[in-house]
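Residue-level structure breakdown
The primary structure of each chain is shown beneath.
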Amino acid sequence: MKKIAWLPAGLRGNLQWTQCPRAIISNTFPRGPGFQAPKNQFSTSNHLQASIAAPEVRFKNQGSEGDELEGGAVFNARLVPNSASYFTAQPIFTDDLLKLQNILKRYANLPVLKPGDAPRVAWRSLADYRNLVGETVKAAKYSKIVEVLHRLNHIHPSLMPQEVQEALNEYKRDVNPYQNQAKLGHVNTLGKALGVGRRKSSSARAWVVDGTGEVLVNGKTLTEAFGRIHDRESAIWALKCTNRVDKYNVWALVSGGGTTGQAEALTLAVGKALLAHEPALKPALRRAGCMTRDPKRVERKKPGHVKARKMPAWVKR
Amino acid sequence: MILRNVAIRHGRKALAAPIKKSLLRTITTETLQQETEAIEHSLMNHSKETHSIEANFNQLPHTSSFIPPRTNGPSSQEVKEAFHSKYQIKATTDRLGSQIDPYYQPHQLIIDPPKPEDVTLELLMASQSHLGHSTSLWNPMNQRYIFGVRQGIHIISLETTAAHLRRAAKVVEGVAYHGGLILFVGTRAGQGSCVVKAAELAQGCHLFEKWIPGSITNGDQILAKCGIKAIDMHDKEVEGYEEKIADWSALKPDLVVCLNPLENYILLHECGLNNIPTIGVIDTDADPTWVTYPIPANDDSLRCIQVIAGVLGRAGESGQKKRLKAAETGKVTWLPPPRLGNPKTEEDRKREAELRKNKRNLGLAQDSVDKRTPRGRKKEEDDEDDDL
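Source: prediction; values computed, not measured.

1. Topic: the overall build of chain B
Scanning chain B for helices and strands turns up 14 helices and 9 strands. Of all 388 residues assigned to chain B, the portion counted as buried reaches 39%. Surface summary for chain B: the accessible area is close to 24,300 Å², and the carbon and sulfur share equals 56%.

Listed below in C-alpha cells is the structure:
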C-alpha cells in the first residue's frame, strides 16, 4: 500500500492543494491480487490467430467465454493505455514533465526576472510528489520537473499567465516556509520584556526593563550570583556588546545546570528580551552570539566505554 | 646587595621618582584645566544625548521592519509596456525588406512534420540522411543500401532510403488502420520532442528515456501501475470493463518504431521474442537484422531523425483518420481481443447481486429449516456459492 503523509488539522487552513485540480492519488488503478500470466507468449496481440496451426479445442463446459462467442454479437471494444507514456512505466510523471515543458515552450518569450529576484518558493519535496502520483520517481527525474518550475517561476510577475500560475501552484508545498515571520517579542504595559534562554541543562528567564544597569539573578546581585568574572560578563553580554549596560535593568530567574550553563542561558534570555525593546539590534546581537541556542548537551555514556568516548585501557590478555 | 652601592647602581631612579604628567598639568595653569574639564563635560553630554536619541529612534516601529534599499530594475508596468510594444513593432515591420526564400527552420520539423508524400530525395539529402559512418566501422550486411564511399565515409543510397521510408510509412499506416498500438522509441539526447510529436500524431506511445528491460516480456510486473482503458470503435471510452481491466495483463505494442536501434538491442530482442514487428533507422554500422523493416539512414543526425519520425507519425495519423472514417460508416477494421466480452451493464450487476442474495437466503433457510437436510445437497449449494 502507498503511504500518504497527512498534515495535522491545524495546518490545513491555507492548503495550496485545495486549488490544485488533481486528486491526491490520481493513480487509483485497481489490479487483481495475482497477475494473470499471458496465455500465449508468442503472439503479438491476442486476436492474431493466423500463426496457430489448429484452432483451439473448445470443450462443452468451458465456461462463459464460449457462451459469449455463441451469442454472436460481441461488443467492439479494445484496450488502449490511458496515457501515451504507458511504456515509460511512470506515465503520470512523464505526462507531468511533458505538460510543464509544453507550457515553458509556449511562454519562453516572456521577459524574465534577474536570477535572484524571483519570489522564493518551496516546491514539493520528492517524497511528497511520490505520494501525490503514486509512482517511484527517481530524484534525478524529479529534478527535471523542478528545473522547469524554477524557470517558469522567473517569468516577470506583471506578465505571468494564469495557466503558468496554476501549473506552479500544483507543485508548491502545502505550507510555504518562506512566508514564516518570526514572532516579535512583547513589551508589556509596565515596560517589561521577558526573554527565555537555555544552555546545557540550565534555563533562564530574564525580565528587562528600562533602568540604570541593575542586575538581579535569583534575587542576588551579579557578583554574588557568579563568582567568575567571565560568567558575570557573559550573563549581561547582550547589553555589554550593544553598549546598553546602563540603560536597562535585568531581573532574572535561573535554574538547573552549573554556573557556566546558567550564565550562558542568561546571555540568550537577556538578548531576546532586549530584542523586544529594540528589534533593530538583531543583526548586532546575532553577530555577538546572543541569538543562537547552543544545542550541545552532555554526551551519553555508552556500554563498553568508561565515559561517553573513553575506552578502558587495552590489556594484552 | 651592599647598601653603599645602591646609589651608584640605581642613581637617579632610586633617589627621585619622576613627577607625574597629570601633576605637571595641574601646576601649569588653572585655565587649561578648567577648559579641558568643560570640554569633557560637553562631550559626555553630547554622547548621552545621542544615546537617548538612539534609544528613542530604535523604539520607533519602522526600524523593526527595515529593509536595506536596493537598486531595483524597471517597474513592472514598464516591463509590460516594453514587451507589448516589441511585439507591436514586430508585427508592423516584420514584412518590410526583402522576401526570404523558404529556408530551414529547425522547429518546423517538430511543429509541422512532412507527410509520406512530401518525402523527396532533396529533403533527405538536405537532412543529411545519406551520411553513413567511416568505412572501417561498417557492417557488411548494409552493403546493398550503400551508394559509395566519399572521403572515408560510406554514403547511403537516397533512393533506397526513400523506398524503405515509404514502405515503413505504409506499415505504420496499416497498423494504425487496424487499431494497433504503435510505440515510438528514440532514446538519444534531443530525440524526445520528435518522438513525442510522432506518437501524438499516430495516437501511439512514446519513449524518450531508457527502455526498462522486461517491459514486454515481464510487463505484468513492470507496467502494473500503468492504467489502461477500453474504447469503442469511435475511440470513446466504454464503461463496464473495470473488473476485467483490473486483472488484464499488461499491453504490448503491435508495432515498435526505433530511431536508434544500436542503443536499444534489448527492446528489439524482446519484440523478437513476442513477434512484434519493428521499424528501425539503420546506419551503416548497425545490424539490419535486428529490425523487421529497416530504414537505411543516418541515425546520428537529429534533423534526419526528425524527418523520419515525422513522416512515420504522419502516416500513423492518416491511418487513424481512415479507421475513424470507416467506423463512421459502421465498418470496424479490427477485432476485439478474445475473452474481453461484453461490457457489464447496471442490469447485469443488479441481476448478479440478486442472484447472490437469493443464494445466501436459500443457504440460511436451509440451515434454519432442519438439520435433517441431506448433507449432499447442502454441499452442492456451498459449491455453487464458491463459484460465484
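So, next bit.
2. Concerning the pairing of strand β4 (residues 182-185) of chain B
Residues and elements named next belong to chain B. Of the two faces of β4, both are covered, the one formed by Ile182 and Phe184 as well as the one formed by Leu183 and Val185. Where β4 and strand β7 (residues 255-258) come together, 4 bridges link them in parallel fashion. Bridge pairing in β7 links leucine 183 to valine 256. The pairing of β4 with strand β5 (residues 205-207) spans 3 bridges and is parallel. Note that in β5 the partner of valine 185 across the bridge is leucine 207.

3. So, helix α4 (residues 139-153) of chain A
All names here are of chain A. Its 15 residues place the ends of α4 20 Å apart at the C-alpha level, agreeing with the 21 Å of an ideal helix rising 1.5 Å per residue. Within α4, the full set of buried residues consists of Tyr142, Ile145, Val148, Leu149, Leu152 and Asn153. For α4, the arc enclosing every buried residue in end-on projection is 145 degrees, short of the 170-degree limit, so these residues lie on one face. In α4, the exposed positions angled more than 90 degrees off the buried face are occupied by Ala140 and Glu147. Considering only its buried residues, α4 is in contact with α2 (91-106), α3 (126-133) and α5 (162-171).

4. Description of the sheet that holds strand β8 (residues 278-282) of chain B
Residue and element names in this part refer to chain B. Across the sheet, 5 strands lie side by side as β5-β4-β7-β8-β9; this open sheet has parallel pairing. The open sheet is flanked by β5 and β9 (293-296), the only strands paired with a single partner. For this sheet, the mean angle separating the axes of adjacent strands, direction not counted, is 15 degrees. Sheet strands touched by helix α12 (residues 302-328): β4, β7, β8 and β9. Its angle to β8, the strand with the most contacts, is close to 160 degrees.

5. Brief notes about the environment of His277(A)
Residues and elements named next belong to chain A. Relative to the elements of secondary structure, histidine 277 occurs in helix α9 (residues 259-277). Residue class for histidine 277 comes out buried when judged on its relative accessible area of 7%. As a C-alpha pair, histidine 277 and histidine 186 span 91 residues in sequence and 8.1 Å in three-dimensional space. From its side chain, histidine 277 meets the backbone oxygen of valine 208 in a polar contact 2.9 Å long.

6. As for the pairing of strand β6 (residues 248-255) of chain A
Residue and element names in this part refer to chain A. Note: strand β3 (residues 202-210) against β6, 8 bridges, orientation antiparallel. Looking at the pairing, tryptophan 207 lines up with tryptophan 251 of β6. One ladder, built from 3 bridges, connects strand β4 (residues 215-217) with β6; its direction is parallel. Within the sheet, the bridge partner assigned to leucine 216 lies in β6 and is tryptophan 251.

7. Description of the pattern of salt bridges
All chains considered together, the criterion is met by 29 salt bridges over all chains. Across the pair Lys141(A) and Glu209(B) runs a salt bridge whose closest N-O atoms are separated by 3.3 Å. With Lys141(A) in helix α4 and Glu209(B) in the loop between β5 and α9 (219-222), the pair connects residues from two separate chains. For Lys141(A), a relative accessible area of 23% gives the class partly exposed. Among the ionic pairs, Glu299(A) bridges to Lys302(A), the shortest N-O distance being 2.5 Å. The partly exposed category is assigned to Lys302(A), whose relative accessible area is 23%. Residues joined by salt bridges that share partners form a network here, namely Glu242(B), Glu243(B), Lys344(B), Glu346(B), Arg349(B), Glu352(B) and Arg356(B).

8. A few points about the packing of aromatic side chains
What the rule picks out here adds up to 8 aromatic pairs over all chains. A network of ring pairs unites the aromatic residues Phe93(A), Tyr129(A), Tyr142(A) and Tyr171(A) as a single cluster. The ring of Trp334(B) is capped by Arg78(A), whose NZ or CZ atom sits 5.2 Å from the centre of that ring. Lying over the aromatic face of Tyr178(A), Arg120(A) brings its terminal NZ or CZ to 3.9 Å of the ring centre.

9. Things to note about the side chain of Asn176(A)
All names here are of chain A. Following the sequence through the fold, asparagine 176 ends up in the loop between α5 and β2 (193-199). Owing to a relative accessible area of 16%, asparagine 176 belongs among the buried residues under this scheme. Here the side chain of asparagine 176 touches tyrosine 178 through a polar contact of 3.1 Å, landing on its backbone nitrogen. For asparagine 176, the contacting residues outside a window of four places in its chain are Arg120 and Ala122.

About the cut-offs
- Residues numbered from 1 in each chain as written.
- Chains lettered and ligands numbered in written order.
- Predicted model: local features only at pLDDT ≥ 70, side-chain atom pairs only at ≥ 80, totals over all residues.
- Heavy atoms only, no water.
- Helix = DSSP H or I, 4+ residues; strand = E, 2+ residues; numbered from the N terminus.
- Buried < 20%, exposed > 50% of the residue type's maximum accessible area, 1.4 Å probe, protein only.
- Areas by Shrake-Rupley, 256 points an atom, 1.4 Å probe, with all protein chains shown as cover.
- Pairing = 2+ DSSP bridges.
- Expected span 1.5 Å × (residues − 1).
- Arc of directions from axis to C-beta.
- Contact = heavy atoms within 4.5 Å.
- Axes fitted to C-alpha atoms, helices over the stretch in contact; angles between N-to-C directions.
- Polar contact = N/O pair within 3.5 Å; in protein donor to acceptor, adjacent residues only side chain to side chain.
- Salt bridge = Lys/Arg side-chain N within 4 Å of Asp/Glu carboxyl O.
- Phe/Tyr/Trp six-rings, centres within 6.5 Å; stacked < 30°, edge-to-face > 60°.
- Lys NZ or Arg CZ within 6 Å of the ring centre and 35° of its normal.

In short, shape yes, function no, at least from these values alone.
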